[in-house]
Amino acid sequence: MGQDKAYSIEVRDIEVSFGSLNVLKGISLKMERGRFYGILGPNGSGKTTLLKSMARALRPQKGAVYVNGENVGRMKSRELSKRIACLHQSTDITCDYPVMDVVLMGRYPYVKRFQTEGEKDREIAKKAMIASNVWHLKDRRINEISGGERQRVFIARALVQETDIVLLDEPISHLDIQHQIEILDLAGTMTQEGKTIIAVLHDLNLASMYCDHLIMLKDGAIVAQGEPQKVLTEEIVKRVYGVKPFVIDGMNDNRPYILPVKKQRI
Amino acid sequence: MSFSDKKYRYRFALIFGGLLLVLLILTSVTVGAANISLLDTLRILIGRIPFLGGFVSGGEVSRTHELIVLNIRLPRVIAAAAIGIGLSAVGATYQGMFANPMADPYVLGVSAGAALGASIAIVMGADKIVGGFGLTTAAAFIFALLTVFIVFSIAKTGAKVSNTHLLLAGVAVSFFASSVMSVLMVLNRDKVANITYWMMGSIAFTSWKQVIILVPLVIAGTIAVCVFARELNIIAAGEDGARSLGVEVEKVKKVLLVICSVIVAACVAVSGVIGFVGLIIPHTVRLISGSDNRIVLPFSAIGGGIFLVLCDTISRIPTAEIPVGVLTSMFGAPYFISILIRSKKKVV
Ligand SMILES: Nc1ncnc2c1ncn2[C@@H]1O[C@H](COP(=O)(O)OP(=O)(O)OP(=O)(O)O)[C@@H](O)[C@H]1O
Ligand SMILES: [Mg+2]
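Residues numbered from 1 in each chain as written. Chains lettered and ligands numbered in written order. Predicted model: local features only at pLDDT ≥ 70, side-chain atom pairs only at ≥ 80, totals over all residues. Heavy atoms only, no water.

Operational definition: UniProt positions are given in the numbering used here, feature names are shortened, and annotations may be inferred rather than shown by experiment.
Looking at an unreviewed UniProt entry, chain B carries the name Iron ABC transporter permease, with the source organism given as Acetivibrio mesophilus. Listed under Subcellular location (unreviewed entry) in UniProt, the entry text for chain B is "Cell membrane". As recorded by UniProt, the Sequence similarities (unreviewed entry) comment attached to chain B reads in full: "Belongs to the binding-protein-dependent transport system permease family. FecCD subfamily."

If you look chain A up in an unreviewed UniProt entry, it shows as Heme ABC transporter ATP-binding protein from Acetivibrio mesophilus.

Quick word on the coordination of the magnesium ion (ligand 2)
Residues and elements named next belong to chain A. This is how the line gets drawn: Note that water is not among the atoms considered, so a metal site may appear incomplete; the donors listed are N, O and S atoms within 2.8 Å of the metal, with 3.2 Å applied to Na, K and Ca. Numbering of helices and strands runs from the N terminus, with a helix taken as a DSSP run of H or I at least four residues long and a strand as a DSSP run of E at least two residues long. Note on exposure labels: buried denotes an accessible area under 20% of the residue type's maximum, exposed denotes more than 50%, and partly exposed covers the range between, all computed with a 1.4 Å probe on protein chains only.
Listed as protein donors to the magnesium ion (ligand 2) are T48 (OG1) and Q89 (OE1); their distances from the metal cover 1.8 to 2.3 Å. With T48 in helix α1 (residues 47-54) and Q89 in the loop between β6 (84-87) and α3 (99-104), the pair connects residues that are 41 residues apart, well separated along the chain. By relative accessible area, which is 23% here, T48 ends up partly exposed. Residue class for Q89 comes out partly exposed when judged on its relative accessible area of 32%.

Thoughts on the site of ligand 1
All names here are of chain A. Counted only if it meets this: Each residue is tested against the molecule or strand, and it is near if at least one of its non-hydrogen atoms lies within 4 Å. Each polar contact in these results corresponds to two N or O atoms within 3.5 Å; when the atoms are within protein, one needs to be able to donate a hydrogen and the other to accept it, and residues that are neighboring in sequence are counted only if both atoms are side-chain atoms. Here the accessible surface of atoms and residues is derived via Shrake-Rupley with a 1.4 Å probe, and residues count as covered only by protein chains that are part of the display. Residues are grouped as follows: Ala, Val, Leu, Ile, Met, Phe, Trp, Tyr, Cys and Pro are nonpolar; Asp, Glu, Lys and Arg are charged; every other residue, Gly included, is polar.
Ligand 1 sits among 14 residues. The nearest are N43, G44, K47, T48 and T49. Here an oxygen atom of ligand 1 sits 2.9 Å away from a polar atom, N or O, in the side chain of N43. Here an oxygen atom of ligand 1 sits 3.0 Å away from a polar atom, N or O, in the side chain of Q89. Starting from 630 Å² of accessible surface for ligand 1 in isolation, the protein chains cover 60%. When contributions to the shell around ligand 1 are tallied by element, the ones reaching two or more residues are β2 (21-32) and α1. At three residues, the largest contribution of residues to the shell around ligand 1 is made by α1. When grouped by side-chain class, the residues that make up the shell around ligand 1 number four nonpolar, eight polar and two charged.

Some details on the packing of helix α5 (residues 147-160) of chain A against helix α6 (residues 177-192) of chain A
All names here are of chain A. Cut-off, in case you're wondering: Angles run from 0 to 180 degrees between N-to-C directions of axes, and those axes are lines fitted to C-alpha atoms, restricted for helices to the stretch in contact. Here is the rule for angles: anything less than 35 degrees is roughly parallel, anything more than 145 is roughly antiparallel, 65 through 115 is roughly perpendicular, and the remaining ranges are oblique. Contacts were defined at the residue level, with two residues in contact if any of their heavy atoms lie within 4.5 Å.
Packing of α5 against α6 brings their axes to within 12 Å, and their N-to-C directions diverge by 10°. By the angle between their directions, the pair α5 and α6 is classed as roughly parallel. In this structure, α5 uses R152, I155 and L159 to contact α6, whose residues at the interface are H179, I183, L186 and M190. Residue classes in the contact of α5 with α6 are distributed as five nonpolar, one polar and one charged.

Let's talk about the environment of V151 of chain B
All names here are of chain B. The residue V151 is located in helix α5 (residues 135-155) in this model. Linking V151 and S4, residues 147 residues apart in sequence, is a C-alpha distance of 38 Å. With residues up to four places along the chain from it excluded, the contact list for V151 reads L108, L166, A169, G170 and V173.

Given below as structure tokens:
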């Protein structure tokens with residue numbers, strides 16, 4: 001079966017179920033290099049499951065994921081981790097490593113057994129830590145910094161992996177507005193360097209502002225996808241989230257802006 | 001400070017610890033009921049080293065003393081070091097792998113399995129057969145591995161092994177093995193003393209035959225475990241994240257479980273259950289250095305060796321020897337409680 005190498009990552013008809021619960025019901029996606037994709041959807045709609053399937057943290061019962069035409073399911077672990085980095089949703093932590101060491105873990109696929117990270121790896125780590133604004137935390141312990149700071153440390157670890165594809169599961173959920181903007185700006189810059197960014201986001205307006213392409217999930221199926229203007233319409237938002245929004249058009253280069261409306265006023 | 005900043009300092013400290021252990025082993029050999037002077041002991045030991053032997057005049061050292069030093073004390077002290085190393089390395093690995101500070105080397109039922117194996121051998125009179133390679137030891141070793149295998153089979157679901165299932169299966173299978181052993185003891189009252197003594201954890205009668213098998217297993221196993229320290233660190237920072245970094249989490253866990261089980265089975269088979277070593281030594285190291293397994297694993301190993309040689313030496317001082325397992329618990333439990341109280345203060 002000839003896979004199209006034009007796509008950075010291609011999801012082909014994947015189905016995932018946990019026991020009798022069908023969480024993903026045949027999802028297909030084609031994602032191009034150098035673009036910023038946003039995955040949206042209510043809690044439990046299958047966003048994390050989709051991202052995990054792409055990162056092979058989970059094996060779909062049906063279908064497959066292709067990276068530059070190569071089946072992810074057949075790749076060696078190390079090889080895959082040089083192609084796809086993934087920031088997972090929960091970063092509960094029980095260890096007390098220095099932040100620098102946590103970021104350096106991102107070099108794992110590149111450092112051979114019996115070796116430790118060298119000067120080059122530390123240089124890469126430093127650059128990533130400056131980019132995600134955690135360089136000043138480098139000697140602190142990972143369990144003794146705030147949730148948002150920890151989130152940024154794990155983002156730095158994903159950057160250090162130097163992959164073409166970066167998956168981010170709710171990368172800005174624990175961040176204040178300054179750091180939200182900072183991380184999304186960083187993601188935007190990365191797409192300009194040719195990376196493909198795929199992020200699960202809950203903030204519809206930030207998604208609208210930053211993403212080139214949105215994918216709206218509901219109950220494990222794609223309800224709509226395309227550029228923000230096409231996805232964030234009053235009709236779709238209402239259908240997916242069950243709340244009636246007020247959509248303002250023409251803000252920030254024509255990207256829609258969603259205002260939720262109090263239920264009793266409808 | 002990150003690990004690589006201090007890499008050389010750690011390497012130096014580790015070499016220093018290793019030398020300390022060797023020195024301790026040599027000193028420990030001079031201690032015991034028979035009054036053999038330090039000088040004589042050294043003569044006996046050096047006399048056995050090829051090339052150097054010629055330089056010592058061994059004439060005035062008595063043959064009995066030589067036998068005591070070479071065939072009784074030396075093997076047991078080396079066994080003490082090896083068992084201390086093995087138990088602490090495994091304890092540290094399990095605590096890291098299960099993200100559970102209370103995991104000790106016996107959590108997966110190794111001790112109960114070994115005890116059952118030994119009891120069966122003792123009940124059948126195997127301990128009375130002199131000369132053969134200790135049948136009791138062999139039975140204990142095989143039953144220990146068998147128990148872990150059963151625990152593992154119960155806990156695994158498909159390709160995955162959940163930590164919680166492993167620990168729970170370990171508890172359940174341990175209780176089952178212990179109850180079978182109790183039945184054996186009730187039915188064979190004349191053997192109860194032997195079985196109880198075996199379980200107390202003693203290395204008083206360790207032979208060279210046992211040491212020759214034990215030491216390579218422990219050393220090779222400990223080194224192998226240390227090789228996985230980096231993976232263990234990454235797994236401890238989140239299993240999903242570890243998978244995305246290319247760590248084959250399930251494979252690493254399985255390999256470590258197999259290595260650890262073999263180490264502990266070998267230790268338990270030789271010495272019975274020696275408690276607390278695998279718990280307090282890794283915790284002490286962690287208290288000083290933090291939880292980086294690249295530090296915790298090797299230093300726990302050396303520290304465990306030192307600790308058990310010390311305990312074994314002390315156990316030989318009173319006229320009636322106290323089994324070393326009793327001593328480690330006597331020292332270890334209060335110390336562990338003090339660590340607990342201190343860490344409680346830190347949290348509150
Ligand atoms: N390991 C699992 N076992 C059983 N059910 C699961 C598992 N993981 C997820 N699910 C179920 O699959 C559905 C989708 O979960 P998923 O985590 O993908 O949702 P999500 O869209 O990421 O939600 P959120 O916005 O809350 O993060 C949920 O109903 C969840 O309960
Ligand atoms: Mg999620």
